[in-house]
Structures are given as structure tokens and as C-alpha cells.
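Examining the three-dimensional arrangement
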Amino acid sequence: MAKLAVGQMAETKNANDSANPLVVVERHGMVAWLTLNRPEAANALSCALVATLRAELATLAGPPDLIAVVIAAAEGKAFCAGADLKERLAMTLDETRRYLDDLGALLQAIEDFPRPVIAALSGAALGGGLEIALACDLRLADDSASMALSEVRLGIIPGAGGTQRLSRLCGIAVAKELILTGRRIDAATALGLGLVSRVVAKADLRAAVETLCSELSAAGPLALAAAKRAIDHGFGKPMTEALAVERASYESVLTSQDRNEGLRAFAEKRPPHYQGK
Ligand code: COA
């Protein structure tokens, strides 16, 4: 398989037939960009937006040449303002419960996605918006980014994994301080807490994500999936069990064509051409 340069446009399609889809899907070489496109509502997560994002992600789980997915926001002041609070006002309790299940399933699909998923954070990521980012594998922010799990201020709690994922990512002390106060922090503070891995100038965010994706594109796709699984599934387990998880993940690449290609390419002093098989 010939490698396409990251940034090279191979295909652009809309999430639905409308000229203004809720999620804009673009394939740039080996990377898919999912851009939340509800700037008029600060990309608030309506039922339709959650369903669209989930459907688009499911479609992307197929192509073996995909190396990463980026979740970004259309130009505006917010990455995502969390649950659509206007829609919520008109929902019954059972509809709200179903919504929580659907949002939870979306975030689980991000976490389980068999490639790295990157959050490109610009503007506010609040409530469910930050929970999306927490479910991603890597978080890059620009200096306009701010974030909060502010649910307690609305009389509720983070309901799509935020209490668990923030604790695992940044530790219980940080999670309790941010969740119990609902405090909004800026990008530099998030960097200091390990909530994001890098902060760049607003104009440089896309290029920084593309550079990261270029690095990822040197890897075998199956290796990325196996390494992600080993880290996620082993984390928090006793060491013996965690090492067994790693060993099982290794087994999944041991008999792959990509492994043979990697060894051959090394011996032949050439770049590998991975097929994701
Ligand atoms: N649900 C529904 N609509 C929302 C929304 C949400 N969570 N957040 C923002 N919007 C709407 C606003 O009502 C506004 O719509 P309007 O123009 O019809 O009044 C539009 O999006 C733009 O928001 P606005 O507040 O004018 O933009 P801003 O750039 O000044 O601020 C935010 C953006 C995201 C910082 C701010 O809107 C905000 O704090 N939203 C609430 C976030 C929140 O509490 N989320 C839930 C966490 S649990």
C-alpha cells in the first residue's frame, strides 16, 4: 500500500446529504477528521449530533489503512459545550436516561476504537465536550482552549464517564478538585495537570495535529490497536494480570503480515509498507 502524505486530501464527504452536516468527515491520507459542525449552538451534543458522531465513527472502524481519527470543532468559540441543555429541557426522564446511554456508548466507541483517536481542542470543552476529549487517546489544545466538568453547577454530575476517566488520567485529587468545584481551567493549567499533552498557538493547532499523525503513520496499524488495547485494558489491574493483558495483545500482532514486513524492511534497510493485516 502506498503511503499518502498526511494532509493530502483523498476524499471529502458529508455526514449526511445536507449541505451543512452536523459532523464534517474528511479523509486526509491515512487520517480521518471528524469536525463537529454546530457552531451556532457551541457544538452542544444534541441527540442527533451524538447519533451522527457514533455512526461516522463506526464507519471508520473498517478501513485498514486508517492510522488515526481526529475529533475537532468547526471554527467557533467552542470545541463543545456539552449536552444540549435546551433540548434537555423538553426531554422526559426516560428520554434523558436513553440520551445518557447513547452518549456513554459513543464515548466507549471512541475508547474502543482500534486506532488512536486525537482530540484537537480549541475554545471551550465543557461537560460532555470534555468527556469526549477524555475518551480520546491523545489531547492537543490551542491557547484558546478552556475546559471544565461543570455539571455539579447544574445540579447533576458528569454522566458519560467523566468521573472515572478524569480520575484515571489525572488522579483522584485533581478529579475531585475539578469535578466538585466545576472550575473551568485554561489550556496552560490543563497542560500542567496532564489533562492535555501539548498546547500550541491557535493558528498552529491543525499543523501540530498533522505532525503528530505523521509520527503515528510510521507505525503498523495493528500495532497501534494492540498497544492501545494493552495500555487501556491493563491499566489499574494488578501487575501479573496487567502483564497478561500485554502478552495477549502482543499475540494479536505476532502472526500478522505487518510484523513480517517490519522485520523484512529492517533487514532490507527500507521503510516498511504496512497493510494492517
Ligand atoms: N446547550 C444548548 N445550547 C447551548 C449550549 C448548550 N450546552 N451552550 C451554548 N449554547 C448556545 C447558546 O445558548 C447560544 O445560543 P443563542 O445564540 O441561541 O442564545 C449559542 O450556543 C452560543 O453560545 P454563547 O453562550 O452565546 O457563546 P459564547 O461563545 O459566549 O460561550 C460557552 C460559549 C460554551 C462558553 C457558553 O455558551 C456556555 O457556557 N455554555 C454552557 C455550557 C454548559 O454549561 N454545558 C453543560 C455542561 S454540564
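The paragraphs below set out a description of the structure included in this document. Owing to the predicted nature of the structure, the values given are computational and were not obtained by experimental measurement. (Residues numbered from 1 in each chain as written. Predicted model: local features only at pLDDT ≥ 70, side-chain atom pairs only at ≥ 80, totals over all residues. Heavy atoms only, no water.)

One pass over the structure, following the stated rule, counts 13 salt bridges. Between Lys202 and Glu75 there is a salt bridge; the shortest N-O distance is 3.7 Å. With Lys202 in the loop between β11 (198-200) and α8 (205-216) and Glu75 in the loop between β4 (68-73) and β5 (78-80), this residue pair connects regions lying 127 residues apart in the sequence. Here Glu268 ties to Arg270 by a salt bridge, and the two come within 2.7 Å at their closest N and O atoms. A residue is classified by how much of its surface remains accessible, and Glu268, at 47% relative accessible area, is partly exposed. Overall, Arg270 belongs to the partly exposed group, its relative accessible area being 26%. (Salt bridge = Lys/Arg side-chain N within 4 Å of Asp/Glu carboxyl O. Helix = DSSP H or I, 4+ residues; strand = E, 2+ residues; numbered from the N terminus. Buried < 20%, exposed > 50% of the residue type's maximum accessible area, 1.4 Å probe, protein only.)

Applying the stated criterion to the full structure yields 0 aromatic pairs. The ring of Trp33 carries Arg206 above its face, with NZ or CZ at 3.8 Å from the centroid. (Phe/Tyr/Trp six-rings, centres within 6.5 Å; stacked < 30°, edge-to-face > 60°. Lys NZ or Arg CZ within 6 Å of the ring centre and 35° of its normal.)

What follows deals with the layout of surface pockets. Volume-wise, the largest pocket comes out at about 700 Å³. Lining the largest pocket are 22 residues, and of these Glu111, Cys136, Asp137, Ile231 and Asp232 lie nearest its centre. Here the element with the most residues in the lining of the largest pocket is helix α9 (residues 221-234); it accounts for 6 residues. Classifying every residue of the lining of the largest pocket gives 10 nonpolar, 4 polar and 8 charged. Taken as a whole, the second largest pocket encloses approximately 480 Å³ of empty space. Lining the second largest pocket are 27 residues, with Gly82, Ala83, Leu85, Leu154 and Ile156 sitting closest to its centre. Those elements that place two or more of their residues in the lining of the second largest pocket are α2 (85-89), α3 (93-112) and α4 (128-135). Looking at the lining of the second largest pocket element by element, the count peaks at 4 residues for α3. The residue makeup of the lining of the second largest pocket, split by class, is 15 nonpolar, 6 polar and 6 charged. (1 Å grid on protein atoms, 1.4 Å probe; cavity = no way out; pocket = protein on both sides within 12 Å on 5 of 7 lines; lining within 4 Å. Points joined across faces, edges and corners; volume = space filled by probe spheres on them. Nonpolar A, V, L, I, M, F, W, Y, C, P; charged D, E, K, R; others polar.)

This part takes up the site of the ligand. Taken together, 16 residues lie around the ligand, and Lys77, Ala81, Ala83, Leu85 and Lys86 are the ones closest in. The separation between a nitrogen atom of the ligand and a polar main-chain atom of Ala81 is 2.7 Å. Summarising the interface, the protein chains cover 60% of the accessible area of the ligand, which totals 860 Å² for the free molecule. (Near = heavy atom within 4 Å. Polar contact = N/O pair within 3.5 Å; in protein donor to acceptor, adjacent residues only side chain to side chain. Areas by Shrake-Rupley, 256 points an atom, 1.4 Å probe, with all protein chains shown as cover.)

Before going further, it helps to spend a moment on the sheet that holds β5. Strand order across the open sheet formed by 4 strands is β5-β7-β9-β10, with mixed pairing between neighbours. Two strands bound the open sheet, and with one partner strand each, they are β5 and β10 (185-186). Sheet topology note: the β5/strand β7 (residues 124-126) ladder contains 2 bridges and is parallel. When the bridges of β7 are listed, Ala78 appears paired with Ala124. The sheet strands contacting α4 are β5, β7 and β9 (146-148), and the helix crosses β7 at an angle near 90 degrees. (Pairing = 2+ DSSP bridges. Contact = heavy atoms within 4.5 Å. Axes fitted to C-alpha atoms, helices over the stretch in contact; angles between N-to-C directions.)

Now for the state of the cysteines. Per the stated rule, a full pass over the model turns up 0 disulfides. In this structure Cys80 is a free cysteine whose sulfur lies 11 Å from that of Cys136, the closest cysteine sulfur available. The closest cysteine sulfur to the non-disulfide-bonded Cys213 is located on Cys136, 12 Å from its own sulfur. Its relative accessible area of 0% is what places Cys213 among the buried residues. (Disulfide = S-S within 2.5 Å.)

Take the environment of Ile172 next. Along the chain, the position of Ile172 falls in helix α6 (residues 172-181). Distance in space between the C-alpha atoms of Ile172 and Asp65 is 37 Å, their sequence separation being 107 residues.

So, about the packing of α9 against helix α10 (residues 239-254). Here α9 crosses α10 at 165 degrees, and the two axes come no closer than 9 Å. The orientation of α9 with respect to α10, classified from their angle, is roughly antiparallel. The interaxial crossing formed by α9 with α10 has right-handed handedness. Of the residues in α10, those touching α9 at Leu222, Ala223, Ala226, Arg229, Ala230, His233 and Gly234 are Ala242, Val245, Glu246, Ser249, Ser252 and Val253. When grouped by side-chain class, the residues that make up the contact of α9 with α10 number 7 nonpolar, 4 polar and 2 charged. (Parallel < 35°, antiparallel > 145°, perpendicular 65-115°, else oblique. Left-handed = near helix turned anticlockwise from the far one by under 90°.)

As a further point, take empty space enclosed by the protein. In this structure the tally under the stated criterion is 1 cavity of 30 Å³ or more. Roughly 30 Å³ of internal volume is contained in the largest cavity. The residue makeup of the lining of the largest cavity, split by class, is 7 nonpolar, no polar and 1 charged.

In short, the description is geometric, and any link to function would need to be established separately.
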